[in-house]
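Chains, contacts and geometry: an overview
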Amino acid sequence: MTETGKLYVVGTPIGNLSDFSPRGIETLESVDYIAAEDTRVTLRLLTHFGIKKPLLSYYKPHEAEKSAKILELLHGGNSVALVSDAGMPCISDPGVYLVQRCYEQGVPVESVPCCNAAIAAVAISGIDTARFAFEGFLPVDKKERRQRLAETAKLPHTLIYYEAPHKLRQTLADLAEALGGTRRAALCRELTKLHEEVRRMTLGEASAYYEENPPRGEFVLVVAGAEEKPEAGCTFEAALDLVRARMAEGLSTKDAVKQ
């Protein structure tokens, strides 16, 4: 009886190819097949590292159809690496459907991590990293978008969004309206690439800035959580805890006390 192969979920660089881990390279060199979100993008990566492997396309909205072929190969004893165009598969990229089917059918799955734009952005945002929620891309449908923003408007922890340049202005306007124009944010652009840039400003300031300056490149938006407002009769100890929390987020003592 043929032993079942293994699926490797392999993270790839989000820009700088030097970030690709030795284990990631070794995995792509060792597997029988590589399933890629865009075979043209992955071929450039493989060529850079001198790797030659059969490529399979795996992309939305044809994940069910593509997964069936990959599972057939896995059940036949072949090993398959799943990659997206950049970063970790399954994180705002195709892959979740295939991983779920593998678990259902007893196919082992192994993670080979690499860069992730959300984690890279929140680490350099200067905004609280103790708790954060990854929101990915906001829904395109206006009703769904308003509902999502309403759900997150009062959350106290940091929020992380992905956005493409041609949609950034509308997203910033929607965020400023739903969360408040004074909400602090870090706009991280083209991470690890030649034109990497981080702008730290309020949502209102960001919206105004990009109305005057055409956005370019892929963005990660890191937005501060909602401020906790002390209730009437707040004790001195509770107020002091709030001051310490704001200082931990990077505010000066003066600004933390004022809040």
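Above this note sits the structure.
Below you will find a few notes about this structure. For clarity, every value in this text was computed on a predicted model and none was experimentally measured.

**Digging into the nonpolar core**
In summary, soluble globular proteins display a tendency toward joint burial of nonpolar side chains. Grouped together as the largest cluster of nonpolar side chains are 30 residues, with contacts concentrated most on Val-10, Phe-20, Leu-28, Ile-34, Ala-81, Val-220 and Val-222. Per-element accounting of this core gives the leading share, four residues, to helix H5 (residues 117-124). Discounting residues that sit within four places of it in the chain, Val-220 has contacts with Ala-117, Ala-118, Ala-121, Ile-160, Tyr-161, Tyr-162, Ala-186, Leu-187, Cys-188 and Leu-191. Counting 20 residues, the second-largest nonpolar core is a separate cluster that includes Ala-153, Tyr-161, Leu-172 and Ala-185.

**Considerations on the pattern of salt bridges**
Enumeration over the complete set of coordinates arrives at nine salt bridges. A salt bridge links Lys-6 to Glu-110; the nearest nitrogen and oxygen atoms lie 2.9 Å apart. Here Glu-110 lies in strand E5 (residues 109-112) and Lys-6 lies in the segment before strand E1 (7-10), a separation of 104 residues in the sequence. The salt bridge partner of Glu-135 is Arg-148, with a shortest N-O separation of 3.7 Å. Here Arg-148 lies in helix H6 (residues 142-152) and Glu-135 lies in strand E6 (residues 132-136), a separation of 13 residues in the sequence. One network of salt bridges, with partners in common, ties together Lys-6, Arg-23 and Glu-110.

**Details of the layout of surface pockets**
Computed from the structure, the largest pocket encloses a volume of approximately 770 Å³. Taken together, 30 residues make up the lining of the largest pocket; nearest its centre are Ile-14, Asp-85, Ala-86, Lys-193 and Glu-218. Those elements that provide at least two residues to the lining of the largest pocket are helix H2 (39-48), strand E7 (158-163) and strand E10 (219-223). If you tally residues by element for the lining of the largest pocket, the top one is H2, at four residues. Looking at the second largest pocket, its volume works out to about 470 Å³. For the second largest pocket, the lining is made up of 24 residues, of which Pro-156, Gly-225, Ala-226, Glu-227 and Arg-246 are closest to its centre. Here the residues of the lining of the second largest pocket sort into nine nonpolar, five polar and 10 charged.

**Some words on the sheet that holds strand E4 (residues 80-83)**
Sheet architecture is open: five strands sit in the order E3-E2-E4-E1-E5, paired in parallel fashion. The outermost strands of the open sheet, each flanked by one partner alone, are strand E3 (55-57) and E5. Each strand axis lies, on average, 25° off the axis of its neighbour in the sheet, ignoring direction. For strand E2 (residues 33-36) and E3, the ladder comprises three bridges, and the chain directions are parallel. Across the sheet, Ala-36 pairs through a bridge with Ser-57, a residue of E3. Most of the contacts of H2 go to E3, to which it runs at about 155°, and overall it touches E2, E3 and E4. Of the strands in this sheet, E1, E4 and E5 are in contact with helix H4 (residues 96-104), which crosses E1 at around 150°.

**Brief notes about the state of the cysteines**
Such a bond, covalent and formed between the sulfur atoms of two cysteines, is termed a disulfide. One pass over the structure, following the stated rule, counts zero disulfides. The closest cysteine sulfur to the non-disulfide-bonded Cys-102 is located on Cys-90, 9.9 Å from its own sulfur. Left unpaired, Cys-115 is separated from the closest cysteine sulfur, that of Cys-114, by 3.9 Å. Since its relative accessible area comes to 16%, Cys-115 is described here as buried.

**Topic: unusual backbone geometry**
Omega for the peptide link from Lys-60 to Pro-61 comes to 5°, which places this bond in the cis form. You will see that Ser-92, though not glycine, has its phi angle at about 60°, which is positive. Examined against the element boundaries, Ser-92 turns out to sit in the loop between E4 and H4. With a relative accessible area of 30%, Ser-92 lands in the partly exposed category.

Conventions adopted
- Residues numbered from 1 in each chain as written.
- Predicted model: local features only at pLDDT ≥ 70, side-chain atom pairs only at ≥ 80, totals over all residues.
- Heavy atoms only, no water.
- Core = buried A, V, L, I, M, F, W, Y, C linked by side-chain atoms within 4.5 Å.
- Buried < 20%, exposed > 50% of the residue type's maximum accessible area, 1.4 Å probe, protein only.
- Helix = DSSP H or I, 4+ residues; strand = E, 2+ residues; numbered from the N terminus.
- Contact = heavy atoms within 4.5 Å.
- Salt bridge = Lys/Arg side-chain N within 4 Å of Asp/Glu carboxyl O.
- 1 Å grid on protein atoms, 1.4 Å probe; cavity = no way out; pocket = protein on both sides within 12 Å on 5 of 7 lines; lining within 4 Å.
- Points joined across faces, edges and corners; volume = space filled by probe spheres on them.
- Nonpolar A, V, L, I, M, F, W, Y, C, P; charged D, E, K, R; others polar.
- Pairing = 2+ DSSP bridges.
- Axes fitted to C-alpha atoms, helices over the stretch in contact; angles between N-to-C directions.
- Disulfide = S-S within 2.5 Å.

Honestly, it's all geometry; don't read function into it.
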